[in-house]
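# Structural characterization, general
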Amino acid sequence: MYRRPRRNRKSPVIRSMIEETRLSVKDFIFPIFVIEGNNKKEEVSSMPGIYRHSIDLLLKEIEECMNLGIKAFDIFPAYPEDKKDKYASESYNPETFYLQAIHQVKSAFPEACIMTDVAMDPYSSDGHDGIVENGKILNDETLDILGKMAVAQAQAGADIIGPSDMMDGRVAYLRESLDIAGFKETSIMSYTAKYASAFYNPFRDALDSAPKAGDKKTYQMDPANLNEALIEAELDELEGADFLMVKPALAYLDVIKLLKENSQLPIAAYNVSGEYSMIKAAGEKGWLDSEKVMLESLLSIKRAGASIILSYFAKEFAQLVK
Ligand SMILES: NCc1[nH]cc(CCC(=O)O)c1CC(=O)O
Ligand SMILES: [Mg+2]
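Residues numbered from 1 in each chain as written. Chains lettered and ligands numbered in written order. Predicted model: local features only at pLDDT ≥ 70, side-chain atom pairs only at ≥ 80, totals over all residues. Heavy atoms only, no water.

As named in an unreviewed UniProt entry, the protein chain is Delta-aminolevulinic acid dehydratase, taken from Echinicola arenosa. In its Sequence similarities (unreviewed entry) section, the UniProt entry covering the protein chain states "Belongs to the ALAD family." Per UniProt, the protein chain has the following entry under Catalytic activity (unreviewed entry): "2 5-aminolevulinate = porphobilinogen + 2 H2O + H(+)". (UniProt positions renumbered as here; feature names shortened; annotations may be inferred.)

Written out as structure tokens, the structure is:
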């Protein structure tokens, strides 16, 4: 035997020299939930270790993360039912607490990178990402609301807006809306290939944003499809997206790899709520070593081709490598 691959595995030093993939705190965007009020920190029941923070405590949380080297955050609002309506009007109300939260975070930490979500669901009384009319989710009529929402978020200080609703034509529409409003430098991270996944449930618990009727299959992609992700990617590139995102991550590593091979844009992957909760739950039961499984899972997402990982594990990862 002349070829013995095991020689390169014989010691920790050699193993670490030949490591092909390395995770860094710089790879991460940490999704964080914000609620109205003061001095509030509520744990999401289906996401142990993940909280909804009022703005004052959100600032503290972000400061802690910044000190750990996490510099990018995706902030999501949880609104009470009485603030929701059919047209998600609260989403672009300049007085609304979410926009204030973005403004305060950006003022306190100008060097942080703040991403926001552009979709109707946290503000929609129907719990859908678009306007619902006779059981249909309207595409073009929804774009106008998304445009107002994106401009309001950019105005509040968002560095990157993340259209997450899978409406057609939204990247072009938002690019134009932002440019006309003078926000030429606001980036767009498109949720390019976002699947109609059962892994989003804990997130919908966190925001109380589950659809009141029906599902999201007429806008989010069928988990069976791969070619369709290429169509979505091509359109988002043409429409002016700065980053392409795949979501969820772990059950869609092939999609991450495919987009990486077919686009020169940076690829992001969203390691979603259910992927987090599964590992946490098995860890709590003592069935898995959740820390090791976390590291292995995050590594697999990067190995597949994602240069940016949105993950609820971001802070824990940073604490671990500190
Ligand atoms: N458009 C809303 C949105 N933005 C991010 C997620 C899910 C994130 C997660 O599960 O962590 C969702 C839920 C959905 O599409 O129903
Ligand atoms: Mg699309």
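This part covers helix 2 (residues 55-67). With 13 residues, helix 2 should reach 18 Å at 1.5 Å per residue; the first-to-last C-alpha distance of 18 Å fits that figure. The complete set of buried residues in helix 2 reads I55, L57, L58, L59, E61, I62, C65 and M66. Packed against the buried residues of helix 2 are strand 1 (28-35), strand 2 (41-43), strand 3 (51-54), strand 4 (72-77), helix 3 (97-108) and helix 11 (314-321). Immediately downstream of helix 2, the backbone of G69 shows phi near 100°, a positive value. (Helix = DSSP H or I, 4+ residues; strand = E, 2+ residues; numbered from the N terminus. Expected span 1.5 Å × (residues − 1). Buried < 20%, exposed > 50% of the residue type's maximum accessible area, 1.4 Å probe, protein only. Contact = heavy atoms within 4.5 Å.)

As a further point, take the site of ligand 1. Close to ligand 1 lie 18 residues; K194, K216, K247, S273 and Y312 are nearest. Between a nitrogen atom of ligand 1 and a side-chain N or O atom of D129, the distance comes to 3.1 Å. Within the side chain of K216, one N or O atom sits 2.7 Å away from an oxygen atom of ligand 1. (Near = heavy atom within 4 Å. Polar contact = N/O pair within 3.5 Å; in protein donor to acceptor, adjacent residues only side chain to side chain.)

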